[in-house]
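Here are the chains, one letter per residue:
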Amino acid sequence: MKITLKVWRQKNDKDKGSLVTYQLDDISEDMSFLEMFDVLNNQLERKGEAPIAFDHDCREGICGACSMYINGKPHGPKQTTTCQLHMRSFKDGDTIVVEPWRAKAFPVIKDLVVDRSAFDRVISSGGYVSVNTGGIPDANEIPIPKKIADEAFDAATCIGCGACVAACKNASAMLFVSAKVSQLALLPQGKVEGKTRVENMVAQMDEEGFGACTNTGACSAECPKGISLENIARLNREYFGAKAKSDNQ
Amino acid sequence: MSWFTNAISSSLGRKLLMALTGLFLIVFLVVHLIGNFQLLHHDGGEAFNIYAKFMTSNPLIKTTSYLLYATFIIHIVWGIGLVMSNKKARPVGYNVTKGSTNSTWSSRNMGLLGTIIFIFLVIHLKNFWYEMHWGGIPTVAYAGESYNDLYTVTATAFSEWWIVAIYTVSMIALMFHLYHGFSSAFQTLGLNHPKYNPLIKGVGYGFAIIVPALFAVIPIIMFYQSI
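Residues numbered from 1 in each chain as written. Chains lettered and ligands numbered in written order. Predicted model: local features only at pLDDT ≥ 70, side-chain atom pairs only at ≥ 80, totals over all residues.

A.B. asks: Mind showing me how you'd approach the sheet that holds strand β1 (residues 3–9) of chain A here?
C.D. replies: Within a sheet, each strand pairs with its neighbour through backbone hydrogen bonds, oriented either parallel or antiparallel. Residues and elements named next belong to chain A. The strand order across the open sheet built from five strands is β2-β1-β5-β3-β4, with neighbouring strands paired in mixed fashion. Of all strands in the sheet, those bounded by a partner on one side alone are β2 (18–24) and β4 (73–74). Sheet analysis places β1 next to β2, joined by seven bridges and oriented antiparallel. Counterpart to T4 in the pairing with β2 is Q23. (Pairing = 2+ DSSP bridges. Helix = DSSP H or I, 4+ residues; strand = E, 2+ residues; numbered from the N terminus.)

Listed below in structure tokens is the structure:
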């Protein structure tokens, strides 16, 4: 298939950047979107041009590295990661516009690569359990209802790709933070530090410069893991509950 | 109290204020609408004028009205603040966006809709609220007692087609604002449960359509009565 690509090229974080048009003639519809980029980069290198920098790692839809804003949607037309998007999702002769995630908290480093360490700093501020949980407990020693375990696991499927931030009109990280708060807040091991965790993670989220939530639902609709908006409601409950009851001044 | 100011000034806290004030304003809309029906009594405005005097003289209602003014101001000022800080969160925008594939138009345009409603509010307050409190409006007497004739002021205003047009357009903006705002407020308060979500959404959509429509229909009826 023939594809016209308009890709954001930006030399470094100081460069202004612009969309550059590339023509690709011999693209298989079985290629993943990233393989199509590999083909393009090979051609660019042969011509002595700088290849397009883009983030990728596992190419199995589980690492969340492949951040690309494709034709106005994070990870393109399908609710999946870019590596799991195939060229058969497009038509022969299509023009595809590829841009980096856009957020103050995610500055562009080069081309399509953005710095997502703001997410790491949010996690460092409380997204963990620091109590000693000891050795491996016997099965069912800590009774957790199946439904709660499922909800916690659903929240834990968040891969931190940042599609929620990219999709949100406010570049809000609420869905990410709510998933990371929920996966621990639902379980007994996580409840111990629950109040301080949510207070610190929200404070860090605000400090990073993410926007607030307008409840548009765009984040959840674009999330490759389908993280639910219920998590954001839980984040609100956890946060205001913590602010009202915790010992932190 | 630093924990309190800290909570209220966070991104979540600012949204909480929007939700709480929004819900209070939703309750106010119902009260206001019930009052407006006094305009349709075919009694030369007696019921409406008596009602208007009651609403501006009863001490309990006067106290509530100050709470209402504060609620409006908080909802507007915090709303503007949120829109501005949310814009700052994405200094460089996208060349191509497809918001319509993942969210409703009203949810993405609450600031714009709010601005239209705010402009309406200024016109509306000047037309009636200011006139009632400080304007020199004519008086009428019922059973020996003097009343401000707000009915005549209202009927005169709604005999102008362009005022009726402004009111109708503003109520459409309110419709879209409530279409998202009603259920969004519950989500911000953390009230999201599969059992109740359909109810919240259903009541929200119904409220968003019916209440502004009833508000808009009164000026339209009065316009047709005037011609």
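Alright, that's what it looks like, and here's the rest.
A.B. asks: Help me understand the pairing of strand β5 (residues 95–99) of chain A, please; the structure alone is not making it clear to me.
C.D. replies: Where a strand is regular, its side chains alternate between the two sheet faces. All names here are of chain A. The pairing of β1 with β5 spans four bridges and is parallel. Its bridge partner being in β5, L5 is matched across the sheet by I96. As defined by bridge partners, strand β3 (residues 69–70) adjoins β5 across two bridges and the pair is classed as antiparallel. Following the sheet pairing, Y69 is matched in β5 by E99.

A.B. asks: I would appreciate a short explanation of the environment of P74 of chain A in the present structure.
C.D. replies: Residues and elements named next belong to chain A. As for its position among the elements, P74 is in strand β4. With 24 residues separating them in the primary sequence, P74 and V98 have C-alpha atoms 9.5 Å apart. When sequence neighbours within four positions are dropped, the list of residues in contact with P74 reads Y69, A163, A166, A167 and E222. (Contact = placed C-beta atoms within 7 Å.)

A.B. asks: I would appreciate a short explanation of the interface of chain A and chain B in the present structure.
C.D. replies: Many structure descriptions define interface size as the accessible area lost when the parts assemble. Taken together, the 40 residues of chain A in the interface contact 37 residues of chain B. Contributions of two or more residues to the side of chain A that touches chain B are made by β5, α7 (194–207), α8 (218–222) and α9 (230–245) of chain A. No other element matches α9 of chain A, which puts nine residues into the side of chain A that touches chain B.

A.B. asks: So what exactly am I meant to see when it comes to the domain arrangement of chain A here?
C.D. replies: Residue and element names in this part refer to chain A. When its domains are assigned, chain A resolves into domain 1 (3–109) and domain 2 (116–245). Taking only C-alpha atoms, the centre of domain 1 and the centre of domain 2 are 29 Å apart. Across the contact, 18 residues belong to domain 1 and 16 residues belong to domain 2. Taken together, the residues of the side of domain 1 that touches domain 2 break down into eight nonpolar, seven polar and three charged. (Domains from an automatic or database assignment. Nonpolar A, V, L, I, M, F, W, Y, C, P; charged D, E, K, R; others polar.)

A.B. asks: Could you clarify how one ought to interpret the UniProt feature "transmembrane region" (unreviewed entry) in chain B in this entry?
C.D. replies: All names here are of chain B. Listed under "transmembrane region" (unreviewed entry) in the UniProt record, and renumbered for this structure, are residues 16–35, 66–84, 105–125, 161–182 and 203–224. A helix fraction of 100% and a strand fraction of 0% characterise residues 66–84, whose end C-alpha atoms lie 27 Å from each other. As annotated, residues 161–182 comprises 100% helix and 0% strand, and the C-alpha atoms at either end are separated by 31 Å. (UniProt positions renumbered as here; feature names shortened; annotations may be inferred.)

A.B. asks: I'm lost on the confidence of the model for chain A in this one. Help?
C.D. replies: Close inspection of predicted coordinates is inappropriate for parts of the model with low pLDDT. Put simply, chain A has an average pLDDT of 95, and 100% of its residues get 70 or more. When pLDDT is averaged over each element of chain A, helix α2 (residues 117–124) of chain A comes out on top at 98 and helix α6 (residues 188–191) of chain A at the bottom at 90. (pLDDT = per-residue confidence, 0-100.)

A.B. asks: Any chance you could explain the pairing of strand β2 (residues 145–148) of chain B here in plain terms?
C.D. replies: Here strand β1 (residues 139–142) of chain B pairs with β2 of chain B via four bridges, running antiparallel. Its bridge partner lying in β2 of chain B, V140 of chain B is registered against Y147 of chain B.

A.B. asks: In this structure, what is going on with the packing of helix α5 (residues 174–185) of chain A against α9 of chain A? I would like to understand it.
C.D. replies: Pairs of packed helices are described in terms of their axes, by the angle between the two and the distance that separates them. Residue and element names in this part refer to chain A. One can describe the packing of α5 onto α9 by two numbers: an axis separation of 8 Å at closest approach and a directional angle of 70 degrees. In terms of orientation, α5 lies roughly perpendicular with respect to α9. The chirality of how α5 crosses α9 is left-handed. Counted together, M174, L175, V177, S178, A179, V181, S182 and A185 of α5 and N231, I232, R234, L235 and E238 of α9 form the full contact between these two elements. Partitioning the contact of α5 with α9 into residue classes produces eight nonpolar, three polar and two charged. (Axes fitted to C-alpha atoms, helices over the stretch in contact; angles between N-to-C directions. Parallel < 35°, antiparallel > 145°, perpendicular 65-115°, else oblique. Left-handed = near helix turned anticlockwise from the far one by under 90°.)

A.B. asks: Got a minute to help me understand the confidence of the model for chain B in this structure?
C.D. replies: Residue and element names in this part refer to chain B. Across chain B, the average pLDDT comes to 94, with 100% of residues at or above 70. Within chain B, no element has a lower average pLDDT than helix α1 (residues 2–9), which sits at 88, and none a higher one than helix α8 (residues 161–188), at 97. As a predicted assembly, this complex carries a pTM of 0.93 together with an ipTM value of 0.91.

A.B. asks: What is the right way to look at the nonpolar core in this model?
C.D. replies: Inside soluble globular proteins, nonpolar side chains tend to come together where they are buried. All names here are of chain A. Core analysis: the biggest nonpolar cluster contains 94 residues, and V98, C164, V165, A173, L175, F176 and V177 have the highest contact counts within it. Residues from two domains meet in this core; each of domain 1 (3–109) and domain 2 (116–245) gives at least three. In this structure, C164 is in contact with A173, L175, F176, C219 and C223, ignoring residues within four places of it in sequence. (Core = buried A, V, L, I, M, F, W, Y, C linked by C-beta atoms within 7 Å. Buried ≥ 20, exposed ≤ 12 C-beta atoms within 10 Å, placed from the backbone.)

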